[in-house]
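Chain by chain, the residues:
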Amino acid sequence: MRAYITRRLLQAILVVFVVTTIMFFMFRIMPADPTTMFLEGGMTEEARQVLLEEWGLNGTIWEQYVLYMGNLLTGDFGNSFFYRKPAWEVLFPFIINTLWIAVPGLLLGAFIGSALGMIVGWAPRGGKVERSGILLATIIRGAPSFVVGIGLLAVFSSYLNWVPGYGMGDPQGQTGLMRYLNWDFAHHLILPLCAVIIFFIPENLLLMRSGVVEARTEDYIELVRAKGVSEKRVAWHAGRNSMLPLITWLFPALAETIAGIVVVEIVFSWPGVGRELVLAVVRQDYPVAQAAFFLLAIMIVLANLAADLTYSKLDPRVAYK
Amino acid sequence: MNYLVKSVATATVGAGSLFFASAALSQEKLGEIVPKLSLAYYAADMGPVYEQSARVLSQEWAKLGLEFQMRPIQFSTFVSDIIVGGKLEDMAVFSVGADPDRIDPVFYLNNISACGQRANGSSWCNEEYTRLAEKQLTQVNSDERRETIHQMQELFQSQIPWWPVTNTVYGILYNSDKWENVTNPSPVAAHENLVDPWLAARPLTDDRIMDWAYLEDVSTYNPMSEEGATGWMRFVYDTFAKIGADGKSRPWAAESWEFTDDTTVRVTLRDDMTFHDGEAVTADDAVFTINKIVEIQPPTMSSRIGNIAGATKIDDHTFEFNLKTPDATFETIAMTYLFILPEHLWADYEGDMVNRDVVADGVAIGSGPFMFKEWRVNELHDLRTHKAHFAAPAYDGIRRLALGQADAIRSTMLDGTADIATTVLPVAAMSDLGMQEDFLEFIEIPSHGTMMTWLNNTKPPFSDLEFRRALKTATARQRAAIEGWLGFAVPAGEGNVPRQTGQWYNSDLEPVAFDIDAARKILEDAGYGWDDDGRLHYPVK
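No experiment lies behind these values; they were computed from the predicted model shown.

Thresholds applied
Residues numbered from 1 in each chain as written. Chains lettered and ligands numbered in written order. Predicted model: local features only at pLDDT ≥ 70, side-chain atom pairs only at ≥ 80, totals over all residues. Contact = placed C-beta atoms within 7 Å. Helix = DSSP H or I, 4+ residues; strand = E, 2+ residues; numbered from the N terminus. Nonpolar A, V, L, I, M, F, W, Y, C, P; charged D, E, K, R; others polar. Buried ≥ 20, exposed ≤ 12 C-beta atoms within 10 Å, placed from the backbone. Arc of directions from axis to C-beta. Domains from an automatic or database assignment. Pairing = 2+ DSSP bridges.

Caption draft 1: The interface of chain A and chain B, seen in detail. Facing the 33 residues of chain A at the interface are 36 residues of chain B. Contributing elements (two or more residues each) for the side of chain A that touches chain B: α2 (36-40), α3 (45-54), α7 (145-159) and α13 (273-283) of chain A. Here the element with the most residues in the side of chain A that touches chain B is α2 of chain A; it accounts for five residues. Considering only residue class, the side of chain A that touches chain B consists of 17 nonpolar, 11 polar and five charged.

Rendered as structure tokens:
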């Protein structure tokens, strides 16, 4: 097991190294550099050179790469070109904001999706419930998250005017920690949270359904039924034993949520890391964009590792060598 | 019968031979075909108006026998490659905004038209024109300068290296149930560096904070490093002058100023100004700020401070700017941009002033009409009115909501969260909302912002004056304004200076009317011809 973990960690380092390298070169092969917009405003060439030097963009691309990787090893992501402060300081508050919709969204999506999956999986094969459940999951899964988001905005914010459709709170709302602990924040949270929940329902629904469909023909289900317990209780046994893939899926899903939540944050003007990542790319704020991608790569790699290790704990039949 | 068949066959062959011989003869009179031309324009990331305008214009130009390769280009790539990169392949259609300092025509006259300028993307170089361009920069007497500028436009119009197509109409949408006296800043877009409408507006309800629905965030409150949101910075930090609705500089923190000689500007500051911490604003603060800026040369300020040698204190409220060379644009471009920092908060700072985090250090303090209160990154900026300011608005503060996208701005205007929106919504959308909702009022802002056609003057066919003349004659400015901009633009004037700059525009220039037949005649007279497919050919060499 120890050898397996060591091997996986080495693989993880390699993956992060490759992703970081690709990101580094991807930004630098773009035709315009971050000083371009200043040039349109009349910045002199001397001033441009000063900025390029300050931002570590004046050497050859290999020199820049070596400098960047060296700084990265010491935990220095560089200073944001836009905010003029360390990239990590820029990103940290946004990560907190993103977690407010990512974690509850993922957990509620998993709960609702798996509950629906159990109902659909236990329903008679080929019946209305199964067909409707699969159709629902397919439609939601096929719809891009921005379509779901815009649909929610159109109905619940613009038409019914039940909930606000933008931002994280009223402009006149409270500040500091208290801004998160009041009705105004919860009110603003509803729509983006629903969009994330809906985004996660189909995957959970289909995973759970497959597990239940498989489990319902197992001998132990017959044994449970032979004990004379209610049909709901039998279904619960099938569902509980089908949760293994779901639990292990949750780890990478959390990382994917952070990555995939970009669209939800843009649609609902939510000041999270996803929206900042898009802005950083548009502004050509390399340090912030690279730090965000680096963070995502780390999260996804570690989540996958955690999922594998958890799997072996939950199912003793699985052994890693 | 055989005779008849033979006669018909002979006649047919003869006529055919004659036809092909004539055709061959006429083809011989044609030079090489004018190749398909590349037409670059801002891609959809800048909205649909450029795609639509480029299509409308190219449809009319195609009637001259031209074919086009349409090339939408993402904004920053367009700027780096075409506007400042010198990589214009054939033609480009794009626009420049109605920035306040472009009310001075130096951007149009020098930056994009004179020899050796980085933003001269059409690569036209006329020595006589460039000599005049340099001369007008030093003419601090506005009558003399105007004469030179008019002369330059005549020369430009005779050569037509590029031409303006439309002038942009911007808009303001505001909640008229809550606000009044929202004044029109025309001919400049609603930039925060102006009095109109920001400082003129008056509240009608108890909600005395103006909420401005906007797309983007501000990057810093340090005026030495902010580049994009310079106007918002000027709410906090006073400038020496402001541009008024008439497009002229008017006194602001500077009560008055005069050129004592060609390179010295004596400035008298108002004596009733205080910083937000209560300290009086004096000439010491102004001189400290100017000399510090000259010493450290903040890169983002380079386009406006390059000609300043320093500043000298005369008395508590008087000082002098020392310029390196005479500068006719100083009043409009530098005095409306330069700010005053409180010396008592900056003099002892030993770090990198340009990158100082003024919010973290608690020194986001200027003397402007608004005081910094709060910044929630990517959410909002909250400024409160500096009541002691000589031009304090009649309300208690202003908030800039960084909403990120147009739908959210529309929603905030409709649900009453936001009070005012400016150019961040399509102007047509603002106009529609103003008509649909009783509580929303729309103001049209005709501006000097210009959509123009650039040509690569270094290569044929654009190096031929007659070709350029024909192309301009076939430029459908009215169609571009109506179909490209949905009516929120007006056909541009002649020359290279926008009509909206007032005195600087030479209204004596001969108008070039849109006329396809006249354009074809110009080409024909210049020796161009058309083949049977209608494609344009160069004159025979």
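Caption draft 2: Spatial organisation of helix α10 (residues 231-241) of chain A. All names here are of chain A. Among the residues of α10, those classed as buried are Ala235, Ala238 and Gly239. Projection of α10 onto a plane perpendicular to its axis shows the buried side chains occupying an angular sector of 100 degrees, all on one side. Opposite its buried face, α10 presents the exposed residues Arg233 and Arg240, each directed more than 90 degrees away.

Caption draft 3: Structural context of the domain arrangement of chain A. All names here are of chain A. Its domain assignment divides chain A into domain 1 (2-73) and domain 2 (87-314). The interface is formed by 11 residues belonging to domain 1 together with 10 residues belonging to domain 2. A class-by-class count of the residues in the side of domain 1 that touches domain 2 yields nine nonpolar, one polar and one charged.

Caption draft 4: Spotlight on the pairing of strand β3 (residues 91-96) of chain B. Residues and elements named next belong to chain B. Across the six residues that make up β3, a large majority, six, are buried. Burial of β3 is two-sided: the residues Met91, Val93 and Ser95 facing one way and the residues Ala92, Phe94 and Val96 facing the other way are all buried. Both strand β1 (residues 37-42) and β3 contribute to a ladder of three bridges, which runs parallel. Directly across from Ala40, in β3, lies its bridge partner Ala92. The pairing of β3 with strand β18 (residues 440-455) spans six bridges and is antiparallel. Looking across to β18, one finds that Val93 is bridged to Thr453.

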